[in-house]
Amino acid sequence: MNTVKIGWIGLGKMGVPMSQQLIKAGYPLSVYNRSKDKEEGFKAQGIGTAASPALLLNDTDVVFVMVSDDKAIKDIFTGDEGLLAAKVSGRIIINMSTVSPAISKEMAAASKAQGNHYLDAPVSGSVKQAEDAMLVIMAGGEVSAFEQAKPILEKMGKLVMLVGDTGAGNVAKLAINTLLGIVAQGLAETVTLAQQNGIDAEALTTLIGNSALGSPFIKIKGDAIVNDNYSAAFALKHITKDLRLAKDLGLATPLGETAYQTYQDAEAAFGEEDIIAVIKQVRKG
């Protein structure tokens, strides 16, 4: 068994399979989730739970955070029983959430003031990749903290890379998700054009999949369109949030601006559905 004690905060669609990889690897794991019902499956496995983020950090060496947005990070760190309320030093806090570089820099500075280390390490990939430990993990922060964390991160991903100082992982993730939004909208527009002119969606996606444009993403989302399945693997509301964050970084290119507007327009009606539900917005146009 590995001796590094790990804490995990955030048991959503990605947090559960990612943390399970660490359990499989033999790490002693404890969890915390704001909604306590999501801890029940871990309790059934004999996994310990913590009453607060502060207590989790007190009892572990490395804490991972995988939550939805900047507000959730602020709450996890600065709440009355948040991570910054812990009375320990020498810990590593790894924020794997897709959030702004600004919040990472703020929380990194606060963590450092207490003698702890902070890495931003968001991931590229969805639930399937998390279940197969095939995520791409991009990190920002101190080299020494990254080198300590890398063997743990490698249990969850096929590629783990330090891309720069604090916030660099967040920037890289927002750039990648900008492309994700553009590609999803491009597929939606392509299928819509073909259907409007008598080409079946399944026939078109088969052609695309066997062309130079084929990719796992195109295959998965093309199948979703064909099967009229918009159950969220990656909710449209999350790409909308990510494009807002990219705008804050200066996204102002033609395709980026178009994708940003399309997803903003789609969010109210289709935000809880999968990203490829953008085709419904495209069809409205």
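Whatever comes next refers back to the structure up there.
Below or above, wherever it landed, is the structure these notes cover. Please read these numbers as outputs of a predicted model, since none were measured by experiment.

The rules we used
- Residues numbered from 1 in each chain as written.
- Predicted model: local features only at pLDDT ≥ 70, side-chain atom pairs only at ≥ 80, totals over all residues.
- Heavy atoms only, no water.
- Helix = DSSP H or I, 4+ residues; strand = E, 2+ residues; numbered from the N terminus.
- Rg over C-alpha atoms; globule rule 2.2 N^0.38 Å.
- Buried < 20%, exposed > 50% of the residue type's maximum accessible area, 1.4 Å probe, protein only.
- Areas by Shrake-Rupley, 256 points an atom, 1.4 Å probe, with all protein chains shown as cover.
- Lys, Arg positive; Asp, Glu negative; His and termini not counted.
- Charge placed at Lys NZ, Arg CZ, Asp CG, Glu CD.
- Patch = residues over 30% accessible without salt bridge, like charges linked within 9 Å, V, L, I, M, F, W, Y side chains within 5 Å.
- Salt bridge = Lys/Arg side-chain N within 4 Å of Asp/Glu carboxyl O.

A word on the overall build of the chain
- The number of helices and strands found in the chain is 13 helices and nine strands.
- For 285 residues, the compact-globule formula gives about 19 Å, and the C-alpha radius of gyration of the chain, at 20 Å, lands near that figure.
- Looking at the chain as a whole, 48% of its 285 residues qualify as buried.
- Total accessible area computed for the chain in this model is approximately 12900 Å², and 54% of it derives from carbon and sulfur atoms.
- Of the side chains in the chain, 27 bear a positive and 31 a negative charge, and the two mean positions are spaced by 2 Å.

Let's talk about the environment of T253
- By the secondary structure assignment, T253 is in the loop between α11 (236-249) and α12 (254-270).
- Its relative accessible area of 44% is what places T253 among the partly exposed residues.
- With 148 residues separating them along the chain, T253 and K105 place their C-alpha atoms 26 Å apart.

Structural notes on the environment of T3
- Tracing the backbone shows T3 in the segment before β1 (6-9).
- Sequence separation between T3 and Y27 is 24 residues, and the spatial gap between their C-alpha atoms is 6.6 Å.

Brief notes about unusual backbone geometry
- We note that A133 has phi near 55 degrees; this positive angle belongs to a residue other than glycine.
- With respect to the element layout, A133 can be found in the loop between α6 (127-131) and β8 (135-140).
- Its relative accessible area of 17% is what places A133 among the buried residues.

Things to note about a nonpolar patch on the surface
- A grouping of L159, M161 and V163 is seen on the molecular surface, where their side chains present a nonpolar patch of about 240 Å² in accessible area.
- By the secondary structure assignment, L159 is in strand β9 (residues 157-164).
- You can call L159 partly exposed: its relative accessible area is 39%.

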